Structures are given as C-alpha cells and as structure tokens.
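For reference, the chains in residue letters:
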Amino acid sequence: MTATDRVIGEVPVAQPHNGTLSRDGRTGWVASQQQGATALVRLDLTMWKEVARVPLDKTPRGLELSPDGRRVLFTLAGVNAIQVLDTATNRIATQIPVGASPHYAPFTPDGRWALAVVQGPGELAILDTASNTLAGTVAVGKAPHWSMSSSDGRTAYVTNEGSNDVSVVDLTSRTVMATIAVGNAPRKIAVQQASGAAATPPAQPRAAASPTGKSKSVTLGGVAYADHGTKDVRNRSKLELEADDYYFSPTFLRGRPGQKLTLRVENEASTLHNISIPALGIDTDIPPKGKVQVDVAFPASGTLAVSCKFHGSLGMNGQLLTGDAGPSGAR
Ligand SMILES: [Cu+2]
C-alpha cells in the first residue's frame, strides 16, 4: 500500500515479468514467463488470488490493461504484432501487426490510442484502439523499450535502450519534439500525473536528467528558466536571440517601457522550437537550424513571459523586463 509503504497481500505467480492494474486497484494482470507454462494470469486483488489464466505458446512481455478494463494489450516474444485480449472472455480477440519485436503498448489516459514501442525499426507505433489498426509510426531512437503518455494524452516519452536517450513525441503532429540524453540503457519510464482539474502543463518524465544542460536553472513562480543571462537592450532596435535545446540565450531582456524590438531568433538545434509571448499574440515556430523574426514591445512596466510552447516545461522560457523590473514569478 503506497500510503503506508507496506506489503498488504501476496499472490504466487511463477516467473512474473510485468504487471498491470485496473484503475480501481481490484484487478491485476501479470505476465508469467515460466518455461513450458507461459501465460497471462488474472488476479483478484480483493481476495488475493489467481482467478483466470490465459495459456500462451510464446513468452509474454509488456502488458497493459485498458483504462475501461475491457482489454489487455500485450506482446509475445517473436511475434510482430500487438495482442488484444478481451477481458470478458479471457481470449485473444485480435492482433495488430506492427514492425519487428514490439515490446509494450500502453494506452493514452483516455484509452483512445495505444503507444507501442517497436524495437526492431526503432519506432513508436500509434494504434487506434477503436478499430484495432496501426494509425501511424514515428521514428524514435534505437531499441525503444518503454513508452508513457503525459496525463493530457498529447505527449509520449519513449526510452531508447540502444541509443541512451528519451524521445519526446508530440502525439498530435506525430513528430519527435526533443531527444533527451540520459544514462546507459534506459528501460522503464514513469510519468508523474499532473494533479488537479487543470492538468497542464504536461507532467515531465522522471528519467530526464538535467534537461537544461549546463545552464543554471532558476525557478520563478513555479516556472523553470534555463538561465543564459540577462541582456540590456535599451539602446537597441534589433537583437539576435539564440534558441537551442532547451533555452533561449539571452534568457531575460531588459528594455524601456513600450520599447519596440525586433528579435531575430535562430534555432541552433535540430529540434523544432517555438517562441511564444501570449501577451503580444506571438506564437511562432522556429524550424530546426532555421531563423524567424518577431517584433516585440516591452510592457509599460513589469515583465512579459516568453516561452517555447513545446519545451517550456524543460526550462525553455524567458522574460521581457521593463526598466528595473527583476525576473518575476508572475506570468
Ligand atoms: Cu523548444
């Protein structure tokens, strides 16, 4: 029990591999890899006993119960398809072909999609759970091992065991927004779910080590800034601003009340970035290795928030400061 950090029950399962729980915590499914008796095992966690067993002729790998509890998506070693088990009948209803060696296919929180990591080609396969079809693929790193959706279902985090990084995938555009280097051979990843009704911004992956790199990270009003310095621009009409993984440099710009400034923003990275200043109606994408120009105006007083809308949660934020205003927590 996570409230008390105590073991409150046990059920024997031979060679248990991965498991999955129903949202109400009453039902568990475990992949049993015992040689000669490979199976998915259904557990009743109110009575602490095995209540069903689905024998398999191959070894089960990652599995996940759908949010509505009606099916389990799982993989079998040596089978290039995602297995769809109907929990009403405890039988495999269908399978969804994907590339070689799929490992795990968790659902988005709304159950609409499943996010299968496919180790052979290094892909995230997006499955349409309404039609049990492959809806699209996104190339990620080498030998992807695990994936997890943000709580709003818009972003997937994929651990790439073979390339030592985490791919951050935008599920709307089905593109990789960022690749975050981590330690050796990352395997599982958990996403801390955002709490409260307004579940934004998306939760961040715990496996992501120091996403802001070498810069100093400062947090103001709950927002992280990869701080690459403050620049006084009061005597300028133009400024070159650098966008990179994952910061703006300089980060804070100090201007005069109402001052107009043209920002030439250069993206040094091979990642799509963006500059957004909501108060000025600015929301401009900056292509990889590309340049954009945006005209800004400093406020009469105080500060204005600047961010990359894709990577604000990784610290890619800045501010326009008027006069003597210091960087502020107010956004
Ligand atoms: Cu960005």
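Residues numbered from 1 in each chain as written. Predicted model: local features only at pLDDT ≥ 70, side-chain atom pairs only at ≥ 80, totals over all residues. Heavy atoms only, no water.

### Thoughts on the sheet that holds strand 2 (residues 27-32)
No. 1: Pairing in this open sheet of four strands is antiparallel, and the strands run 1-2-3-4 from one edge to the other. In this open sheet, the two strands that pair with only one neighbour each are strand 1 (16-21) and strand 4 (49-55). Across the sheet, the mean angle separating the axes of adjacent strands is 25° when strand polarity is ignored.
No. 2: Here strand 1 pairs with strand 2 via four bridges, running antiparallel. Across the sheet, Gly 19 pairs through a bridge with Val 30, a residue of strand 2. (Pairing = 2+ DSSP bridges. Helix = DSSP H or I, 4+ residues; strand = E, 2+ residues; numbered from the N terminus. Axes fitted to C-alpha atoms, helices over the stretch in contact; angles between N-to-C directions.)

### What to know about the coordination of the copper ion
No. 1: Coordination of the copper ion by the protein is provided by His 273 (ND1), Cys 308 (SG) and His 311 (ND1), with metal-donor distances spanning 1.9 to 2.2 Å.
No. 2: Each donor residue of the copper ion belongs to the same chain, and together they define the spacing H-x34-C-x2-H. Of this pair, His 273 sits in strand 24 (residues 273-277) while Cys 308 sits in the loop between strand 27 (303-307) and strand 28 (317-322); the two residues are 35 residues apart in sequence, bridging distant segments of the chain.
No. 3: On the basis of relative accessibility, which here comes to 0%, the residue His 273 falls in the buried class. (Donors = N, O, S within 2.8 Å, 3.2 Å for Na, K, Ca; no water. Buried < 20%, exposed > 50% of the residue type's maximum accessible area, 1.4 Å probe, protein only.)

### Structural notes on empty space enclosed by the protein
No. 1: One pass over the structure, following the stated rule, counts one cavity of 30 Å³ or more.
No. 2: Taken as a whole, the largest cavity holds about 50 Å³ of empty space.
No. 3: Around the largest cavity sit Leu 241, Phe 248, Pro 250, Thr 251, Leu 253, Leu 263, Ile 275, Val 306, Gly 318, Gln 319 and Leu 320, which together line it.
No. 4: Within the lining of the largest cavity, the residues separate by chemical class into eight nonpolar, three polar and no charged. (1 Å grid on protein atoms, 1.4 Å probe; cavity = no way out; pocket = protein on both sides within 12 Å on 5 of 7 lines; lining within 4 Å. Points joined across faces, edges and corners; volume = space filled by probe spheres on them. Nonpolar A, V, L, I, M, F, W, Y, C, P; charged D, E, K, R; others polar.)

### A word on the pairing of strand 16 (residues 175-181)
No. 1: Looking at chain direction, strand 15 (residues 165-170) and strand 16 are connected through six bridges and run antiparallel. When the bridges of strand 16 are listed, Asp 170 appears paired with Thr 175.
No. 2: Where strand 15 folds back onto strand 16 in an antiparallel hairpin, the turn is made up of four residues, including Arg 174, whose phi is positive at roughly 55°.

### Quick word on the nonpolar core
No. 1: Of all hydrophobic cores here, the largest spans 46 residues; its most connected members are Leu 124, Leu 253, Leu 263, Val 265 and Ile 275.
No. 2: Setting aside anything within four residues of it in sequence, one finds Leu 124 in contact with Leu 115, Ala 116, Val 117, Gly 136, Thr 137, Val 138, Val 140, Ser 147, Ala 156, Val 158, Val 169 and Leu 171.
No. 3: By size, the runner-up hydrophobic cluster in this structure holds 13 residues, among which are Trp 29, Val 54, Leu 63 and Val 72. (Core = buried A, V, L, I, M, F, W, Y, C linked by side-chain atoms within 4.5 Å. Contact = heavy atoms within 4.5 Å.)

### A look at the pairing of strand 12 (residues 133-139)
Each regular strand shows side chains that alternate between the opposite faces of the sheet.
No. 1: Bridge analysis of strand 11 (residues 123-128) against strand 12 gives six bridges, and the strand direction is antiparallel. Bridge pairing in strand 12 places Ile 126 opposite Gly 136.
No. 2: Where strand 11 folds back onto strand 12 in an antiparallel hairpin, the turn is made up of four residues, including Asn 132, whose phi is positive at roughly 55°.

### Topic: the sheet that holds strand 14 (residues 155-160)
No. 1: Overall, antiparallel pairing links the four strands, which are arranged 13-14-15-16 in an open sheet. Each of the sheet's edge strands pairs with one partner strand only, and the pair in question is strand 13 (144-149) and strand 16. Along the sheet, successive strands turn relative to each other by an average axial angle of 20°, direction set aside.
No. 2: With five bridges connecting them, strand 13 and strand 14 associate as antiparallel partners. Along strand 14, the bridge assignment pairs Ser 147 with Val 158.

### Quick word on the layout of surface pockets
No. 1: Approximately 540 Å³ is the volume attributed to the second largest pocket.
No. 2: Every residue lining the second largest pocket is counted, 20 residues in all, and those nearest its centre are Glu 64, Tyr 104, Met 148, Val 191 and Gln 193.
No. 3: Tallied by class, residues from the lining of the second largest pocket come to eleven nonpolar, seven polar and two charged.

### Things to note about the packing of aromatic side chains
No. 1: Tallied over the full model, the rule gives two aromatic pairs.
No. 2: Judged by centre distance (3.7 Å) and plane angle (15°), the rings of Tyr 104 and Trp 146 are stacked. Placement of Tyr 104 in strand 9 (residues 102-104) and of Trp 146 in strand 13 is noted, with a sequence separation of 42 residues between them.
No. 3: Relative accessible area serves as the criterion here: at 4%, Tyr 104 is assigned to the buried category.
No. 4: Looking at Trp 146, the relative accessible area reads 9%, which means it is buried.
No. 5: Seen from their ring centres, Tyr 225 and Phe 252 are 5.4 Å apart, and the 35° between their planes marks the pair as tilted. Residue Tyr 225 is found in strand 18 (residues 223-227), and its partner Phe 252 is found in strand 22 (residues 252-255); the two are separated by 27 residues along the sequence. (Phe/Tyr/Trp six-rings, centres within 6.5 Å; stacked < 30°, edge-to-face > 60°.)

### What about the domain arrangement of the chain?
No. 1: Segmentation of the chain into domains returns domain 1 (16-181) and domain 2 (216-322).
No. 2: The centre of domain 1, based on its C-alpha atoms, is set 39 Å off from the matching centre of domain 2.
No. 3: Of the residues lining the interface, four residues belong to domain 1; the matching set on domain 2 comes to six residues.
No. 4: Across the domain 1/domain 2 interface, buried area totals approximately 370 Å², and carbon plus sulfur atoms make up 60% of it.
No. 5: Sorting the residues of domain 1 by area buried against domain 2 places Met 177, Ala 178 and Ile 180 first, and these three jointly supply 82% of that buried surface.
No. 6: Viewed at the interface, domain 2 and domain 1 are joined by zero salt bridges.
No. 7: Taken together, domain 1 and domain 2 are joined by two residue pairs in polar contact (both at pLDDT 80 or more).
No. 8: For the side of domain 1 that touches domain 2, the residue count by class is three nonpolar, one polar and no charged. (Domains from an automatic or database assignment. Buried area = accessible area lost by both parts, 1.4 Å probe. Salt bridge = Lys/Arg side-chain N within 4 Å of Asp/Glu carboxyl O. Polar contact = N/O pair within 3.5 Å; in protein donor to acceptor, adjacent residues only side chain to side chain.)

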